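Given next are the chains, with one letter for each unit.
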Amino acid sequence: AQKVTQAQTEISVVEKEDVTLDCVYETRDTTYYLFWYKQPPSGELVFLIRRNSFDEQNEISGRYSWNFQKSTSSFNFTITASQVVDSAVYFCALSELGNAGGTSYGKLTFGQGTILTVHP
Amino acid sequence: DGGITQSPKYLFRKEGQNVTLSCEQNLNHDAMYWYRQDPGQGLRLIYYSQIVNDFQKGDIAEGYSVSREKKESFPLTVTSAQKNPTAFYLCASSWDRGRSPLHFGNGTRLTVT
């Protein structure tokens, strides 16, 4: 069964610090997608990034970067020079596509989320 | 602007009453979803629909019902059979199930007393 673990329940940093949010996943499929979402206080989840299992290239987008390592089943998210506006709950999610047509095909499993608070 | 609209934002009901949460999207997405979020837990899938007039149970469908009569609408009814209905409910949509990122609405916070 697929599983996503975000071991850090809450993280608190001071503005301009770098912070890394961990995500470890479990799957037996070789074809899958990983996602990160941000949930600000308004409640709406916002999509940040998607990675497929065949693309291990790290990605940088402004102050955000993602490190995908299949060898350790991790997809960690780093915010450089954090800002107060980064305060939110961040979710990592996994979608398996290995058994097309099966009941779990395409099912998105979310981690429990990490609450990030950035203090001024 | 395209997006997903959930209404109302806050909903209060007495125990034993059914209540329907609205979800409308104008993104022309085929797939739609309902998730439930409780404090300290991730999102749990209640129901999903990949096409009009078809929907499937998610992990926690008991006590809930849905319909998908139109592509843009996917209302969720919380019935009196749902033992612990107080929660934050999120509706989402996507182009397909599995590969495409989900677009979420702002959510409905339901309180049942």
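Residues numbered from 1 in each chain as written. Chains lettered and ligands numbered in written order. Predicted model: local features only at pLDDT ≥ 70, side-chain atom pairs only at ≥ 80, totals over all residues. Heavy atoms only, no water.

(A) How the structure looks around the overall build of chain B. When helices and strands are counted, chain B shows zero helices and eleven strands. Taken over C-alpha atoms, the radius of gyration comes to 13 Å for chain B, in line with the 13 Å a tight globule of 113 residues would show. By its C-alpha atoms, chain B is 35 × 30 × 25 Å across when sized along the principal axes. Every one of the 113 residues in chain B was classed for burial, and the buried ones make up 50%. Partitioning the contacts of chain B with sequence separation of at least 6, the portion at a separation of at least 24 is 52%. Carbon together with sulfur atoms contributes 46% to the accessible area of chain B, which is approximately 5500 Å² in total. On chain B, the mean spot of the 13 positive side-chain charges and the mean spot of the 11 negative ones are 5 Å from each other. (Helix = DSSP H or I, 4+ residues; strand = E, 2+ residues; numbered from the N terminus. Rg over C-alpha atoms; globule rule 2.2 N^0.38 Å. Buried < 20%, exposed > 50% of the residue type's maximum accessible area, 1.4 Å probe, protein only. Contact = heavy atoms within 4.5 Å. Areas by Shrake-Rupley, 256 points an atom, 1.4 Å probe, with all protein chains shown as cover. Lys, Arg positive; Asp, Glu negative; His and termini not counted. Charge placed at Lys NZ, Arg CZ, Asp CG, Glu CD.)

(B) Focus on the side chain of B:Arg97. All names here are of chain B. In this fold, Arg 97 is placed in the loop between β9 (87–94) and β10 (103–104). For Arg 97, which is buried and forms no salt bridge, the nearest opposite charge comes from Asp 59, at a distance of 7.6 Å. Among the polar contacts listed, one links the side chain of Arg 97 to the side chain of Tyr 48, at a separation of 3.3 Å. (Salt bridge = Lys/Arg side-chain N within 4 Å of Asp/Glu carboxyl O. Polar contact = N/O pair within 3.5 Å; in protein donor to acceptor, adjacent residues only side chain to side chain.)

(C) Region of interest: the pairing of strand β9 (residues 74–79) of chain A. All names here are of chain A. Most of β9 is tucked away, with five of its six residues classed as buried. In this sheet, β9 lies alongside strand β3 (residues 19–21) in antiparallel orientation, the contact comprising three bridges. Bridge pairing in β9 places Leu 21 opposite Phe 77. Direction of pairing for strand β8 (residues 64–69) relative to β9: antiparallel, over a ladder of six bridges. Across the sheet, Trp 66 pairs through a bridge with Phe 77, a residue of β9. In this antiparallel pair of consecutive strands, β8 and β9, the connection spans four residues, and Ser 73 shows a positive phi of 50°. (Pairing = 2+ DSSP bridges.)

(D) Seen up close, the interface of chain A and chain B. Contacts between the two partners involve 21 residues from chain A, matched on the other side by 20 residues from chain B. Counting each side, the surface lost to burial between chain A and chain B is near 1700 Å², with a carbon and sulfur contribution of 50%. Applying the counting rule to chain A against chain B returns one salt bridge. For the pair chain A and chain B, the number of links is five residue pairs in polar contact (both at pLDDT 80 or more). (Buried area = accessible area lost by both parts, 1.4 Å probe.)

Remember, this is a structural readout, not a statement about activity or role.
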